[in-house]
Amino acid sequence: MKGGPGARVLALHLGLIAALFAAQFVLGAYHHTNLARIMVLATYAVGYNLLLGYTGLMSLGHAMFFAAGMYGAGLSIYYLGFGAIPGFALGVACALGLALAFGAFALRTSGVSFLIVTMMFGQAFYLTILYFNQVTFGDQGFILSDRLPAALVDPDVKYNAALLVFAACFLASAFLVRSPFGRILVAIRENEARARLLGYDTYTCKLVVLTLSGGMSGAAGAAYALLFSYVGASFAAILNSIYPLLWTLLGGAGTTLGPVLGTGLMFYLVDFTSGWTSAYLFVVGGALLVLVLFFPLGVMGTVRAKLAPWIP
Amino acid sequence: MSFGPHLLLALLEGAVTACVLAVTALGLSLVFGVMRIVNVAHGEFYMLGAVVAWFCASLTGGSALGGFLLALVCAPLVVAGLAIATDWLVLRRVNYHPESTIVATIGLLYLLQQAVLSGYGPDARPVEAPIYFRVAFPWFGYSGYKLVVIGASVMLLLGTWAVLARTRAGLCMRATQQDPEMALAHGVPVRLVYTAVFAAGAMLAAVAGVLIVPIQQAHYLMGLDPLLLSFIVVIIGGLGSLRGTVVAAFVIGMSDGVISMFFSPTLAKILATLLVALVLVVRPSGLFGERP
Amino acid sequence: MSADTQRTHAIRTGSSPVTRRALLKAGAGAAAAGAASLALAPLSRIAWAAGSDEPIRIGFQVHRTGIGATYGRWYERTANAAATYLNENGGIAGRPVELVPEDDGTDPKRGAEVVEKFATAHGVDFVYGPLFSHVVIGSAPRAGELKMPYFVVSEGYHVASGSLNRYVFQPGITDVRAQVQAMAPWVAGNLGRRVTMMFPDYAFGYDHRDYFSAAVEAQGGSIAAKIAIPPTESSFTKYFPQVPADTEVLYHVMVGPGVLTFVKEMGEHYGSNRPQIFGFIDSLEGVDIASPGLSFLEGTYLWEALPRYADGLDSDANRHYRERVGINDEGASVDDPKDVSTNSHMFGCWETLFVIKRAVEESGYRSRNPDDVAALIEALEGFDSFDEGIPHPQGYKEFNGALHQCYGRQFISEVREGRLAVVHTTSIEDGKYEAEADYTTQSL
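Everything quoted here is computed from the prediction, not taken from an experiment.

What follows covers the interface of chain B and chain A. Each partner contributes residues to the interface: chain B has 41 residues there, and chain A has 36 residues. Three residues, Val103, Tyr110 and Gln114 of chain B, lead the burial of chain B against chain A; their summed loss comes to 18% of the area buried on that side. Counting across the interface, chain B meets chain A through one residue pair in polar contact (both at pLDDT 80 or more). With 15 residues, helix α4 (residues 98-120) of chain B is the largest single contributor of residues to the side of chain B that touches chain A.

Given below as structure tokens:
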């Protein structure tokens, strides 16, 4: 990755992480907690973007991976007395496993069928959590506070833990999309039949990227459980599958920075509008419509098209 | 209650679910079949049908039958108007691109939910059944209106079939479905057909909403369940296959009735989804879908 | 939102002329009843104490959207009415009260974010108001971590079970465990001893399932069947066949939008040959008992925490409360008789605000610094009872400082001619249970 664009790209990504690290020293308490939360959610969007932005597969059921990470971590800590780090690792493993198993048959479909199948299985996963409520506490959820290390209460620890998870997934995704494998993904996105004709095993490629995407979503879910010490079924509901789609589209699908930006913008948009209206579904729905109609590339996509064609 | 009557009740319940589901899913399937797009706001059209029925019922005051008949006219018209506006303002502008359409209709879904929440309120409101009689079986009583729903749904299904198979409009739709360019070349106004189909699909959902509301109450979140069930149905039946949709609706509806009666409704929904997985493994294009 | 705000405003201004008279009466009664009410003696116009114009700011976490919106609307009206009343009568410790509302969408994720926003952006003194248990449970850890006193009005057993933390209190409404337990003696004694329970398939329902069944068995009764119903269910015909034939009492608690359907289908299933039926009003909150679909409930019994119809509890304090909140004798909004209140829950918002007032005044709380917050929490934990009166129109309550939970009487009403008529009032003793937790052992 040496040379002109490579160095710039590297500098851009490391610069973002450095900026996020520096931000904790200048931000007030409110934006400090918000940013910690945004980084966790942005991890989710980064994972989502691998699938939507770079492979062209739209999922409406990603909340199941988020929830798999959340419950994998939460239940093992709650019942088995796992520590924070083993719990997190197990959460990510659960999400990876679920994504692999789900992808193995869901990827037999394509296009619109794939979309519908993801949405249905997302809902089935949600219902499964409700069905086994004796274990999962269903709708009501459960609290991890007293089972987690006391240090996690500290806002600085929260912030930097969130930053660590985010940075790992963010850099991994940036590296991945610039690797030869990433090029194959883009080829699949642009024309799957041709990619297949060129001899690529597109099914396996899609399965790998779906698994990675699910794993990152699970990492976000597990981090959420640990940092905000609550595990509940509402995180598996459909709205939580729509959010990463919205964030990614807003920031710009198929750009590495887009999902991060989209998550932050949307968070503050909802937060800001809550001051004068509680109709936040208008904000969500309106944003989706406006994006599709007038702004299909999203923020970073537009920047790339107009200003800086080199950004990944 | 012994097994026999219990099963009878399960089958009756299943038949009601199946019929309403068939009507709703048919709308979704029709839109997909002709236009190759998925309308995620389909469930909200169903919900709007129910909400309009409530408004009609409160307008006509005392007469439940009057309100119901008014709703049967108004709900499809209101929802069709909305669907036409959506088609013109949104779907045409994204050129019916499948993914953009999905994102746009998700946006529409939330706009409609919020509009109903703001304008109609968060409460579930009842609508009286137009005809009320209790069918007394030796073991249990059953709502006569539910039997009316079964009858009305079957008539709607037959009516839709007749329109598609026997009329000029139906011919245009089928021609567009098979090959839009060729249809255009033969003078079929494809854009108009798209608008009409999108409106017709929405109307079917709205009528299903009107039919169900005396059984279920009108609530702004009621659209999600029928949407997901419709998805299950159209996937199992094969996207775009109307025959498959109707068959699958009956399979899913009846099994839902029986499983949720003897086990748990949540389990029934989970099992239905797993059935989808099975179908996809065996036949990725669904039971009646065309092989790609 | 704006329509609601306007309506609340109309209620407030519209009721003020009548209020003063009621206030004089009620004030006199309350003064006789106990010292707690003395501070609220009607002073026509209060000059705020010098140098303390800085308001006490209370974050009001409200379900304006989502599944809890019916409740949220009334919670907000009640809280506003209580705050207005307090401000007309000297505020809290001579300082005005300012409610800062934020919608949580009845969603635990947003709930936690809202608590953070209150603590770090709005800089409120306390947070108050949520009802739905998943929102409470999702938000409580953040409230604890931010050391933010968090007053919930949720009636869930999660506070008293010890699963939350030292900063969470429920001083305005009895928890569901005590409520259901208090029902058992009357149900077993008057309706029958063989009970089938139908309850929602989530935590709130399990509290009913576990604690009512234990209580009815302690009364010598037995449970014929326990039927759990998923919260999203919209058709119930399929569940009635599961009710055993030897059932004497059908016990139902169905929080969900489908309640009218539930009742109608119950009627279709049983016709005129039904068991005794006892239910919790939760799912009928906000619903007119005279709705056409509810005719089958005629002659059945319902739990109420505070009677919906004014004649159910004829006291000065209750009349005053109803006037200030703006509900008529049928328990609906005075502006719109179709807009039925959630009267068995929302009084908790009223009462909680007065508990906050008393805690602030007794602890000398000034601002949200660690010492003042600790003093406030210790003052709260030192409370043992609240007297009936303007601050507590629902009635006298005991407060358990170790559990952070209050306990009051409950009502049982019969549906008669499309109205609710109180037939029994429980004692606090009926709902007593062995404490399972002690928050005071946690560090502050």
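Residue and element names in this part refer to chain C. Across the sheet, which stays open at both edges, the five strands sit in the order β2-β1-β3-β4-β5 with parallel pairing between neighbours. Two strands close off the open sheet at either side, each with one partner strand: β2 (97-103) and β5 (168-169). In the sheet, strand β1 (residues 56-62) pairs with β2 via seven bridges, with the strands oriented parallel. Bridge pairing in β2 links Val62 to Asp103.

Okay, the side chain of Thr136 of chain A next. Residues and elements named next belong to chain A. Within the secondary structure layout, Thr136 lies in helix α6 (residues 133-136). One polar contact links the side chain of Thr136 to the main-chain carbonyl oxygen of Ile129, over a distance of 2.7 Å. Dropping the residues within four chain positions of it, Thr136 is found in contact with Tyr71, Leu75, Ile129, Gly141 and Phe142.

Our focus in this paragraph is the packing of aromatic side chains. All names here are of chain A. What the rule picks out here adds up to 54 aromatic pairs over all chains. When the centroid spacing of 4.7 Å and the interplanar angle of 40° are considered together, the rings of Tyr44 and Phe66 count as tilted. Pair noted here: Tyr44 is in helix α2 (residues 29-55) and Phe66 is in helix α3 (residues 63-80), with a separation of 22 residues, a long-range link. Phe66 gets classed as buried once you look at its relative accessible area, which sits at 1%. Their ring planes at 75° and their centres at 5.1 Å tell us that Tyr78 and Tyr79 sit as a pair that is edge-to-face. Given the relative accessible area of 41%, Tyr79 is considered partly exposed. Taken together, Tyr44, Phe66, Tyr224, Phe228, Tyr230, Phe235, Tyr243 and Trp247 form an aromatic cluster joined through their ring pairs.

Each pocket or cavity is described by its volume, and for the second largest pocket that value is around 750 Å³. Looking at the lining of the second largest pocket, the elements that each hand over two or more residues are α2, α5 (111-131), α8 (180-190), α13 (280-294) and α14 (298-306) of chain A together with α4 of chain B. Of the residues that constitute the lining of the second largest pocket, the class distribution is 14 nonpolar, nine polar and six charged.

A few words now on the sheet that holds strand β8 (residues 249-252) of chain C. Within a sheet, neighbouring strands are paired by backbone hydrogen bonds and run either parallel or antiparallel to one another. Residue and element names in this part refer to chain C. One open sheet accounts for seven strands, arranged β7-β6-β8-β9-β10-β14-β15; its pairing is mixed. The strands lining the two open edges of the sheet, one partner per strand, are β7 (222-229) and β15 (419-425). In this sheet, adjacent strand axes meet at a mean angle of 25° when their direction is disregarded. Bridge analysis of strand β10 (residues 301-304) against strand β14 (residues 411-416) gives four bridges, and the strand direction is antiparallel. From the neighbouring strand, Leu302 faces β14, where its bridge partner is Ser413. Across the sheet, helix α5 (residues 176-190) lies against β8, β9 (276-280), β10, β14 and β15, angled at about 160° from β9, the strand it touches most.

It is generally the case that most residues other than glycine have a negative phi and that most peptide bonds are trans. Of note in the backbone geometry, Tyr96 of chain B takes a positive phi value of approximately 55° without being a glycine. Counting through the fold element by element, Tyr96 of chain B comes out in the loop between α3 (64-91) and α4. The backbone of Ala93 of chain C sits at a positive phi, close to 50°, despite the residue not being glycine. Here Ala93 of chain C lies in the loop between α2 (69-88) and β2.

Taken together, the 31 residues of chain C in the interface contact 28 residues of chain A. Of the roughly 2700 Å² buried between chain C and chain A on both sides combined, carbon and sulfur atoms contribute 58%. Considering only the surface of chain C that becomes buried against chain A, Lys109, Ile137 and Glu145 of chain C emerge as the three largest contributors, covering 21% of it. Where chain C touches chain A, the interface holds five salt bridges. For the salt bridge of Arg37 of chain A with Glu113 of chain C, the shortest nitrogen-to-oxygen distance reads 4.0 Å. Where chain C touches chain A, the interface holds seven residue pairs in polar contact (both at pLDDT 80 or more). Looking at the side of chain C that touches chain A, the elements that each hand over two or more residues are β2, α3 (108-122), α4 (133-145) and α6 (203-218) of chain C. The leading source of residues in the side of chain C that touches chain A is α3 of chain C, at nine residues. Residues that form the side of chain C that touches chain A fall into these classes: ten nonpolar, eight polar and 13 charged.

What counts and how
Residues numbered from 1 in each chain as written. Chains lettered and ligands numbered in written order. Predicted model: local features only at pLDDT ≥ 70, side-chain atom pairs only at ≥ 80, totals over all residues. Heavy atoms only, no water. Contact = heavy atoms within 4.5 Å. Buried area = accessible area lost by both parts, 1.4 Å probe. Polar contact = N/O pair within 3.5 Å; in protein donor to acceptor, adjacent residues only side chain to side chain. Helix = DSSP H or I, 4+ residues; strand = E, 2+ residues; numbered from the N terminus. Pairing = 2+ DSSP bridges. Phe/Tyr/Trp six-rings, centres within 6.5 Å; stacked < 30°, edge-to-face > 60°. Buried < 20%, exposed > 50% of the residue type's maximum accessible area, 1.4 Å probe, protein only. 1 Å grid on protein atoms, 1.4 Å probe; cavity = no way out; pocket = protein on both sides within 12 Å on 5 of 7 lines; lining within 4 Å. Points joined across faces, edges and corners; volume = space filled by probe spheres on them. Nonpolar A, V, L, I, M, F, W, Y, C, P; charged D, E, K, R; others polar. Axes fitted to C-alpha atoms, helices over the stretch in contact; angles between N-to-C directions. Salt bridge = Lys/Arg side-chain N within 4 Å of Asp/Glu carboxyl O.

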